[in-house]
Amino acid sequence: MDYKDLFKDIEAYETIIIERHTRPDLDALGSQIGLSLILKNKYPNKNIYIVGDMTKKYSFIGKMDEIEDEKFNGALVIIVDVAVSYLVSDKRYTNASKVWVIDHHKNDCDITDYKLVDTTRSAAAEYIAYLVMKEGIDIPSSAATALYGGIITDSGRFMYGANLSETLRVSASLIDFGADAKYIYDNIYIETLQEREMKNYFQERIKFKDGVAWLENEPEVFDKFKCEFNDISRGMLSLMAGIEEIKIWCNFTYDMESNTVKCEFRSRGVEIVDVAKSFGGGGHAYACGCTIPSFQNVEEVIQKFIQLLK
Ligand SMILES: [Mn+2]
């Protein structure tokens, strides 16, 4: 689709609701909140809402709106940082008049035909900032900060990205718009005593085999540590990164909401997304995930990665 059509729709609709994926990371939230602040700034008389589940870890970036079902009738919904329906946080978008998707993941979109997907973007926030600037719309400093937060986290502090010079160009522009980089860094680098204790606990439980490292996080860990799912599933991934002999690392975490095991995969120098896809998942070339029925399937996943390394 032509990005111009998105801005024509934004111009045309009176109610605009912005959504993103469940269990949001800072790119999902930064994209959603950043876009909403940009549109509120440009269209102070439109009804602009943001909805979805929230995570305590990123509450510093903003707050979601609670809105009635009726608000979706006749509304324009823009879904950011996700293109697959089952991961969208608020299913009421199906009642909207029109739905757009803005994403940077390598998934086939099953939500709408109105989509803007650029997989060379390190973050959905980078893509949104680029589109908004291309359209010549002003970015208030609060929005620039939110978008900048999405970029620095999804790019691994400007480490990953198919087009780093573009990521840096967009980021530099956001700083010019007044993005407060220090505010983001101050918030993402602080951790609680429990978080540090969790790292010590999980560190000792990492398993290693033929270039692959993994953690199996059984239901009991959520009794031991009062925390959210992503505090373990995403939060403990980095414990396995940066080991010379380990090229692929996996975090298998029990999900009580669905009684399944959610898998996060990361790699260094090896494209792994096809393995995630073979288990019905997806994501990026070096950072992806899937869901498996139980911990009995872990061995099968690990074997596929070991074969891939051979
Ligand atoms: Mn993202």
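A. Examining the pairing of strand β3 (residues 76–80) more closely. Most of β3 is tucked away: five of the five residues are buried. Alternating residues of β3 divide into L76, I78 and V80 and V77 and I79, and every residue in both groups is buried. Two strands pair when backbone bridges link them, and β3 and strand β4 (residues 98–103) are joined in this way by five bridges, in the parallel orientation. Paired with I79 across the bridge in β4 is V101.

B. Looking closely at the sheet that holds β3. Pairing within the open sheet is parallel, and its five strands lie in the order β2-β1-β3-β4-β5. The open sheet is flanked by β2 (47–50) and β5 (115–117), the only strands paired with a single partner. Pairs of neighbouring strands in the sheet enclose a mean axial angle of 15°, with direction left out of account. Each of β1 (15–20), β2 and β3 touches helix α2 (residues 26–42); the most contacted strand, β1, lies at about 165° to it. Contacts from helix α3 (residues 124–134) reach β3 and β4, with the element oriented near 110° to β4.

C. Focus on the sheet that holds strand β7 (residues 212–217). Reading across the sheet, the six strands line up as β6-β7-β8-β9-β11-β10 and stay open at both edges, with mixed pairing between neighbours. Each edge of the sheet is formed by a strand with only one pairing partner; in this case those strands are β6 (207–209) and β10 (282–283). In this sheet, strand β9 (residues 260–267) lies alongside strand β8 (residues 248–255) in antiparallel orientation, the contact comprising eight bridges. Paired with D255 across the bridge in β9 is T260. Sheet strands touched by helix α11 (residues 298–309): β6, β7, β8, β9 and β11 (287–292). Its angle to β7, the strand with the most contacts, is close to 165°.

D. Highlighting the packing of helix α4 (residues 141–154) against helix α6 (residues 181–188). Contact geometry for α4 and α6: axes closest at 9 Å, N-to-C directions at 50°. What the angle tells us is that α4 and α6 run oblique. Seen along the crossing, α4 lies across α6 with a hand that is right-handed. Side by side, α4 and α6 meet where T145, Y148, G149, I152 and T153 of the first sit next to A181, Y183, I184 and I188 of the second. When its residues are assigned to classes, the contact of α4 with α6 shows six nonpolar, three polar and no charged.

What counts and what doesn't
Residues numbered from 1 in each chain as written. Predicted model: local features only at pLDDT ≥ 70, side-chain atom pairs only at ≥ 80, totals over all residues. Buried ≥ 20, exposed ≤ 12 C-beta atoms within 10 Å, placed from the backbone. Helix = DSSP H or I, 4+ residues; strand = E, 2+ residues; numbered from the N terminus. Pairing = 2+ DSSP bridges. Axes fitted to C-alpha atoms, helices over the stretch in contact; angles between N-to-C directions. Contact = placed C-beta atoms within 7 Å. Parallel < 35°, antiparallel > 145°, perpendicular 65-115°, else oblique. Left-handed = near helix turned anticlockwise from the far one by under 90°. Nonpolar A, V, L, I, M, F, W, Y, C, P; charged D, E, K, R; others polar.

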